[in-house]
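Close look at the chain arrangement
Residues per chain are reported as follows:
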Amino acid sequence: MNGFYNEHSKVLVSVDCIVFGFDEDKLKILIGKRKMDPGRDEWSLYGGFVGAEESLDDAANRVLLKLTGLKKIYMKQVGAYGKIDRDPGERVISIAYCALINVKDYDDSLREQHDLEWTSIKNLPKLYSDHNIMVNNAIKMLRRRINTEPLSFNLLPELFTLTQLQHVYEAVLDTEIDKRNFRKKIKDIDFIEKTELIDKITSKRGAALYRFNKRVYEDDPTFKL
């Protein structure tokens, strides 16, 4: 360690991960009770401090892997939070990350291990420090991007019905969508492929199953719903 910048005060840097999932037609996030001071037993996002040999993305990926057991999941930086008094313990600057996962891919034993709960964004309790602000900013980011990026498929299983896809959009945007207009727009999107498979579990009549074709999307990534 060299002696540069010794005249300056040092601050801690952390990452906080906002993990969204879609379940029971609701947009949910993973939260848990803090197990450390300050803020012990307060509801909180899951995070950690950035190591000396880590980039911000590396730290977020490490936290997300520990939390979900999943690799190569959708992850975007939401923003930096650095109010002087945001953490009563030390001067901490936190970088918030948003992640989208399919709840069915998530090993629920990890949720139990970390004592976390899936909570609907509509029933979100008061969270530690500025974590509610982080969540609100993440939701705003999703709403800006969902009509121009194929975000919704990260929240769905590999095979899904058009009803499930519509419900994801409605949950994220917090508004009802006209079924006829939605399906008309979907038919014009090449990378949403209809399969020959039928869903007989969530649909009594039996609904066609679709898939997201990533290769087709990457060949022509222009997308607007």
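For the structure, see preceding data.
Thresholds, definitions, all that
- Residues numbered from 1 in each chain as written.
- Predicted model: local features only at pLDDT ≥ 70, side-chain atom pairs only at ≥ 80, totals over all residues.
- Heavy atoms only, no water.
- Helix = DSSP H or I, 4+ residues; strand = E, 2+ residues; numbered from the N terminus.
- Buried < 20%, exposed > 50% of the residue type's maximum accessible area, 1.4 Å probe, protein only.
- Contact = heavy atoms within 4.5 Å.
- Lys, Arg positive; Asp, Glu negative; His and termini not counted.
- Charge placed at Lys NZ, Arg CZ, Asp CG, Glu CD.
- Core = buried A, V, L, I, M, F, W, Y, C linked by side-chain atoms within 4.5 Å.
- Polar contact = N/O pair within 3.5 Å; in protein donor to acceptor, adjacent residues only side chain to side chain.
- Salt bridge = Lys/Arg side-chain N within 4 Å of Asp/Glu carboxyl O.
- Expected span 1.5 Å × (residues − 1).
- Pairing = 2+ DSSP bridges.

What about the overall build of the chain?
Looking only at helices and strands, the chain has six helices and nine strands in total. Viewed in the frame of its principal axes, the chain has a C-alpha envelope of about 65 × 35 × 30 Å. Classification of the 225 residues of the chain by burial places 44% in the buried group. A sequence separation of at least 24 residues applies to 65% of the contacts in the chain between residues at least 6 apart. Positive and negative side-chain charges in the chain, numbering 37 and 36 respectively, have mean positions lying 5 Å apart.

Brief notes about the nonpolar core
Among the nonpolar cores identified, the biggest contains 43 residues, and Ile-18, Phe-20, Ile-29, Leu-165 and Ile-192 are the most heavily contacted of them. Looking at this core, the elements that each hand over two or more residues are strand E1 (12–23), strand E2 (26–33), strand E5 (74–81), strand E6 (92–100), helix H3 (131–145), helix H4 (162–173), helix H5 (179–187) and strand E9 (207–212).

Regarding the side chain of Ser-94
Mapped onto the elements of the fold, Ser-94 is located in strand E6. Engagement of the side chain of Ser-94 in a polar contact is seen with the side chain of Ser-14, the distance being 3.3 Å. Within polar-contact distance, the side chain of Ser-94 engages the side chain of Asp-16 at 2.5 Å.

A short note on the pattern of salt bridges
Scanning the entire structure with this criterion turns up 13 salt bridges. For Arg-40, the salt bridge identified is with Asp-37, shortest N-O distance 3.4 Å. Notably, a salt bridge pairs Asp-108 with Arg-111, separated by 2.7 Å at the nearest N-O pair. Of this pair, Asp-108 and Arg-111 both sit in helix H2 (residues 108–113), separated by three residues, roughly a single helical turn. Residue classification places Arg-111 among the buried positions, given a relative accessible area of 19%. Taken together, the salt bridges that share partners define one network made up of Asp-23, Glu-24, Lys-28 and Lys-104.

Comments concerning H4
With twelve residues, H4 extends 16 Å between its outermost C-alpha atoms, agreeing within 8% with the 16 Å of an ideal straight helix rising 1.5 Å per residue. Among all positions in H4, only Leu-162, Leu-165, Gln-166, Val-168, Tyr-169, Glu-170, Ala-171 and Val-172 are buried. Residues of H4 that are buried sit in contact with E1, E2, H3, H5, strand E8 (192–199) and E9. With its phi angle positive at about 55°, Asp-174 sits one or two positions after the end of H4.

Focus: the pairing of strand E7 (residues 116–120)
Within a regular beta strand, the side chains point alternately toward one face of the sheet and then the other, so they alternate between its two faces. Of all five residues in E7, four are buried, a share of seventy percent or more. For E2 and E7, the ladder comprises five bridges, and the chain directions are antiparallel. Bridge pairing in E7 places Leu-30 opposite Trp-118.

Read these as spatial facts, not as claims about activity.
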